[in-house]
Amino acid sequence: MTAEAATDSFSIGREIALARRRRKLVFLRRLFLHPSFLAGFIILTIFSLTALMADVIAPYEPTNLNYRSILAPPSAEFWFGTDAFGRDVLSRVIYGTRVSLRIGIAVVVLTGILGTLLGTLASYVKWLDGLIMRSLDGLMAFPGVLLAIALAAALGPSETNAIIALTVTFTPRTARIVRASVIVVQGMQFIEAAHAVGAGHARIIFKYILANSLSPLIVQLTFVFAVSIVAEAVLSFLGVGPPPPAPSLGNIIADGRSNIQEAWWIAVFPGLIIAVVVLGLNLMGDGLRDILDPRHSASRETR
Amino acid sequence: MKMHINLVPPLRVLGVVGIFALASAILPAPLQAQVEGGEIVVVQGSNPPSLDAMSTSSQASRNINMNIYETLYGFSEDVVPIPILAEDVVISDDGMTYVFPLRQGVMFHNGKEMTARDVKASLERYRVVGATGNLLTPVADIEITGDYEVTLHMVEPTPTFLEAFSSPRAPAVIIPEEDGGTAAGENSFVGTGPYKFVEYIPDSHVTLEKFADYSTDMRHDGPDGFGGKKTAFLDKVTFRIIPEPGAQVAALEAGEVHILEQIPMPAARRLESDPNIELHENLQWAFTTFIFNTNVPPTDNVKFREAVQVALNMEEIMAISSEGLFSLNHRWQYPETTYDPGDIGAEFYNQADADRAKALLEEAGYNGEEFVILTDSTIPQHGRAGVVIGEQLKAIGINTVINQVDWPTALNLRMQDEGWNGWTLQMGIEPYLGPVGLIATLASPARPHFVKPDPELDALYLELTKGATVEERQETFKKIQAHLYEMFAIVKVGDSGLMQATRSNVEGFVPFRFPRVYDVWLEG
Amino acid sequence: MIRFLIYRLLSAIPVLFVVSLVTFLIMWLVPGDITAEIGGIDASAADLQAIRERLGLDRPLWERAINWYGDLLQGDLGYSYLLNRSVTDAVLERLPVTLSLAGISLLLATVIGMLLGILASVRHNTWLDQSAMITALVGLSIPDFWFGIVMIIFFGVWLGWLPTGGFVPLSEDPVGWARSMVLPAFTLAITQMGVIARMTRSSMLDVLSQDYIRTARAKGMPARTVIFRHGLRNAMIPIVTVVGVISGVLLSGAVVIETVFSLPGVGRLIIGAIQRRDFPIIQGGLLITACVFVFVNILVDLAYAWFDPRGRDDG
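What this report covers is the structure whose coordinates are included nearby. Just so you know, these numbers come straight off a predicted model, no measurement behind them.

1. Some thoughts on the interface of chain C and chain A
Here is step 1 of the chain: The interface of chain C with chain A comprises 44 residues on the first partner and 40 residues on the second.
Here is step 2 of the chain: For the side of chain C that touches chain A, the secondary-structure elements that each account for two or more residues are helix 1 (2–29), helix 6 (127–141), helix 7 (144–158), helix 8 (174–208), helix 10 (223–260), helix 11 (266–276) and helix 12 (279–307) of chain C.
Here is step 3 of the chain: With eleven residues, helix 10 of chain C is the largest single contributor of residues to the side of chain C that touches chain A.
Here is step 4 of the chain: Residues of the side of chain C that touches chain A, tallied by class, amount to 35 nonpolar, seven polar and two charged.

Written out as structure tokens, the structure reads:
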């Protein structure tokens, strides 16, 4: 792309826009023809619709208790049985998907923003690079979700705090990925060209650099989404997630664990739902990676 | 001795249950061949915060410590102070001196004999590190009046002193003189009990070993409450810490462990007919209570508190929080016990009366202020009760928020004068101790659980501790019961039980305030 | 190689410094302190204040931080009043449990994962490939703590083959130790197995499509030799990287799995310490865990360098 093309007449601009749209359509077509992505997309759509329409679908209120029907096994009345409070597990699981979705999306958005910000800053502002990266290394030195557990416990059990704890935990790796891909993009010729025609820093960062390092970020974020859903369950299991009676999937499993033998249905159903959703997200991630980054298909960086 | 219980349906609403539990406890030991040797594993959910018995009132500690340590006086099976390490007590007519002659030849686990010097050192230490050190406040001076005799000189006559002194809550145990100067938790864990301490690996286990030189109290035929004739049959006892109730039950079923300090009721129902497992019911285990913060709105308003009191459906709260092992009881004493105050207050109990509650709310001028329920997940009954209470109050239009934290946080938060309105608390040992032990937690000089001291209750508490005879104290307690249903600062939700379980080859286990591992043996 | 090692060790220092700062931040955020646990429900506000003063918890955080760093320089991580032992002892006592759990899981995950991956890559685009990859994908989607609960019920209770929890030290009873480790280690390995299988497959496919492999095959070298001598050796680099990341995941996964299986490891120590507000243990435990993790990563870098000599001089 030359300087003239970018500043030339209206019609050329329109042509470029059209070409872009065409490319986008081709991309989407390829994406939805990819079997993994499609399967994952369907799973996630069902999951999201369940979450959004929880009040319509759920047969009962998720917090309605009834001590006359405690630990009732699955039946026509209660498809997934009832828990130790006599609450309908199906309704709780349905509402639980809402909590999981909310936490998942919040963490993805926050991690995406913070990761991009820190990653771009580190790669763009040389004197900040060392400081940011060493700090992130420090955060990453806590293995896995240990940091999230400690933070959530410190902040106190609530949905917001779980989101904060998970964001702090997942941002470092995301920032690293952004930084790495920005550095690669920065070295490319068209960036130099943009500099040469006097494009501003902000414009270059947003229009060229970020747009071109989006793929690894998207793949990473599907992964963050999946891990957040599992991590929420872990936090709730350890008693530092959203507090009861909130019907989060992790809370339901935690509720069911002491009666797992007498009432397997309480813990088993939400666990299965988590497994299926995570599977869906992994499938989507696989598909995205195949198409966005064909060189590294079928496997992704791990937690 | 074991009892086979017909296990309760999910709903257990019994009026008189105490007799059953009591009878099982006092019946003489059966004539079975007792077997020496072997080892058993007892399971509990949490670490003992300390194995320094006097410095803690935690149940997890008491479970273990009461097998290691002994006190001068302690409660018998029917909650009367009896001598354990003391021969006797001689109380002067004016109530100003208590002379404790000691049993002779009692050995500590370190091989030394217990003398008056050890007793004095222990009690002096209790003043400093004892979790309820203020029970020695009425004692002016501890004097050694013989090799085997200690005399307590009082500041003023305190009729309830011996009862308080016998309390197992944070027991005034006797330890060697050498440990007298140690800080809390830093003694050598040496006591005089039938089992001695071997090892503590937090989050894993505490190991006890039979104390070969244990000096048996021959005044009794068998164990009696915290005292009596104790015999260690087993060579080794391990208290294993397993936090997950499900994992505890699984371990019991697999035969890896022998005694569960507590088994969840659904599991108990499932295992009722399992020939390998015996269930033991401890019916009068705890009061389930709900405590208001009388210092902040809306709970500073007595009408609001009354509204909550009459709104609550105690049956539902108890059925869910205790998993079905409970009895409804409005009294601040167990029914049919010495201080049972009768029907006083019954008209406010288990009303589930939404209309009356709403009318009272209106009278209180309530308009949607937040009502924060402080509860914890560490003690499952607390968390469950908090959730049910929250739902019931939401139903009558109270803007309820549940703040479920862990136990240490809950303890910290409720020490703050603001930030919470209601707090769920299982009172386990306090009701067992009788009226003084219970009301002490609600009256000055302690910080009352409901935050703002109530002068009238304080006066009644003083009257209770000064009451010279049982009859006088009974009368005072009736006034207390009536007053508690006037101020509505604390809600009595009900009495909850504790279900315990053993493998069938464990013989001699009798449920009590702690798992007694002496006079327990393994079937040959 | 030595210079590289020294460089890596030195660069760990700022990382661990950040770790210690974060642990102070966590302490600063945690509501309440250990005093409620020590004092219990009877303690009055004055009692609690006395305990606080005795333990120095009343002093400002910066002062405690300075003291802590001072002690740290002398190799002293502090003392836990609740556990009655020094933090170093408490952690070292439990480290074997966590390390053996993480170690066995790593071994299981790597061996089974690589076998699945090799199988899939060698039989590329057959039903074997597909079922291996579906297994891997399902494996990595299962929440491990939930899977642990299901495993306990199935193997511990219904079948009664394995203990339901608890730990037997290796020195006491090797068979008991192995039995106590099977379920937790397998549970912990299940997700990582999937990750390694997928990584192995894709890097094997990469390598197997390279010219020199084709040449080796064309020259009539036996398939097994091609796969193991050339293919796998060269596919190891990305696999080793993943194994490094996974060892960290296993360390933290151990935290939850230790709770599920009642194993007295470092993870449960830290969780318990957080719940009890046992600050010295929280700090020391997190720092030592991070140290172990950083050290494992250094090992991984060394392995990386060994498999790929060009990597030695990378920072």
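From this point, the narrative continues.
2. Comments concerning the environment of Ser-322 of chain B
Here is step 1 of the chain: Following the sequence through the fold, Ser-322 of chain B ends up in the loop between helix 8 (314–321) and strand 15 (326–327).
Here is step 2 of the chain: Given 27 C-beta atoms within a 10 Å radius, Ser-322 of chain B is considered buried.

3. So, helix 11 (residues 214–237) of chain A
All names here are of chain A.
Here is step 1 of the chain: For helix 11, spanning 24 residues, the distance from its first C-alpha to its last is 34 Å, which sits close to the expected 34 Å at 1.5 Å a residue.
Here is step 2 of the chain: Burial runs high along helix 11: 21 of the 24 residues are buried.
Here is step 3 of the chain: Downstream of helix 11 by one or two residues, Gly-239 has phi in the positive range, about 85 degrees.

4. Brief notes about the sheet that holds strand 7 (residues 149–154) of chain B
Residue and element names in this part refer to chain B.
Here is step 1 of the chain: One open sheet holds the four strands; their spatial order is 4-5-7-6, and the pairing between them is antiparallel. The sheet terminates laterally at strand 4 (90–91) and strand 6 (139–146), the two strands that pair on one side only.
Here is step 2 of the chain: Pairing geometry for strand 5 (residues 97–101) and strand 7, over five bridges, is antiparallel. Bridge assignment links Phe-100 to a residue of strand 7, and that residue is Val-150.
Here is step 3 of the chain: The strands touched by helix 3 (residues 116–129) are strand 6 and strand 7; relative to strand 6, the strand with the most contacts, the crossing angle is about 170 degrees.

5. Considering the interface of chain B and chain C
Here is step 1 of the chain: Taken together, the contact pairs 31 residues of chain B with 34 residues of chain C.
Here is step 2 of the chain: Broken down by secondary-structure element, the contributors of at least two residues to the side of chain B that touches chain C are helix 5 (245–253) and helix 11 (407–414) of chain B.
Here is step 3 of the chain: In the side of chain B that touches chain C, the residues fall into 15 nonpolar, nine polar and seven charged.

6. What to know about the packing of helix 9 (residues 189–196) of chain A against helix 10 (residues 201–212) of chain A
When two helices pack together, their arrangement is captured by the angle between the axes and the distance separating the axes.
Residues and elements named next belong to chain A.
Here is step 1 of the chain: Where helix 9 contacts helix 10, the axes come no closer than 11 Å and their chain directions differ by 155 degrees. Overall, the two elements helix 9 and helix 10 adopt an arrangement that is roughly antiparallel. The two elements helix 9 and helix 10 meet at a crossing, and its hand is right-handed. Taken together, the residues of helix 10 that come into contact with helix 9 (itself represented by Phe-190, Ile-191, Ala-194 and His-195) are Ile-204, Tyr-208 and Ile-209.
Here is step 2 of the chain: Residues that form the contact of helix 9 with helix 10 fall into these classes: six nonpolar, one polar and no charged.

7. Remarks on the environment of Ile-398 of chain B
All names here are of chain B.
Here is step 1 of the chain: Along the chain, Ile-398 turns up in the loop between helix 10 (380–395) and strand 17 (399–405).
Here is step 2 of the chain: Assessed through the 23 C-beta atoms surrounding it within 10 Å, Ile-398 is described here as buried.
Here is step 3 of the chain: The residues contacting Ile-398, other than those within four sequence positions of it, are Phe-371 and Leu-393.

8. Observations regarding the pairing of strand 7 of chain B
Residue and element names in this part refer to chain B.
Here is step 1 of the chain: Inspection of the sheet shows strand 6 paired to strand 7 by six bridges, in the antiparallel sense. In the sheet register, Asp-141 faces strand 7, and the bridge partner there is His-153.
Here is step 2 of the chain: The hairpin formed by strand 6 and strand 7 contains two residues between the paired strands.

The rules we used
Residues numbered from 1 in each chain as written. Chains lettered and ligands numbered in written order. Predicted model: local features only at pLDDT ≥ 70, side-chain atom pairs only at ≥ 80, totals over all residues. Contact = placed C-beta atoms within 7 Å. Helix = DSSP H or I, 4+ residues; strand = E, 2+ residues; numbered from the N terminus. Nonpolar A, V, L, I, M, F, W, Y, C, P; charged D, E, K, R; others polar. Buried ≥ 20, exposed ≤ 12 C-beta atoms within 10 Å, placed from the backbone. Expected span 1.5 Å × (residues − 1). Pairing = 2+ DSSP bridges. Axes fitted to C-alpha atoms, helices over the stretch in contact; angles between N-to-C directions. Parallel < 35°, antiparallel > 145°, perpendicular 65-115°, else oblique. Left-handed = near helix turned anticlockwise from the far one by under 90°.

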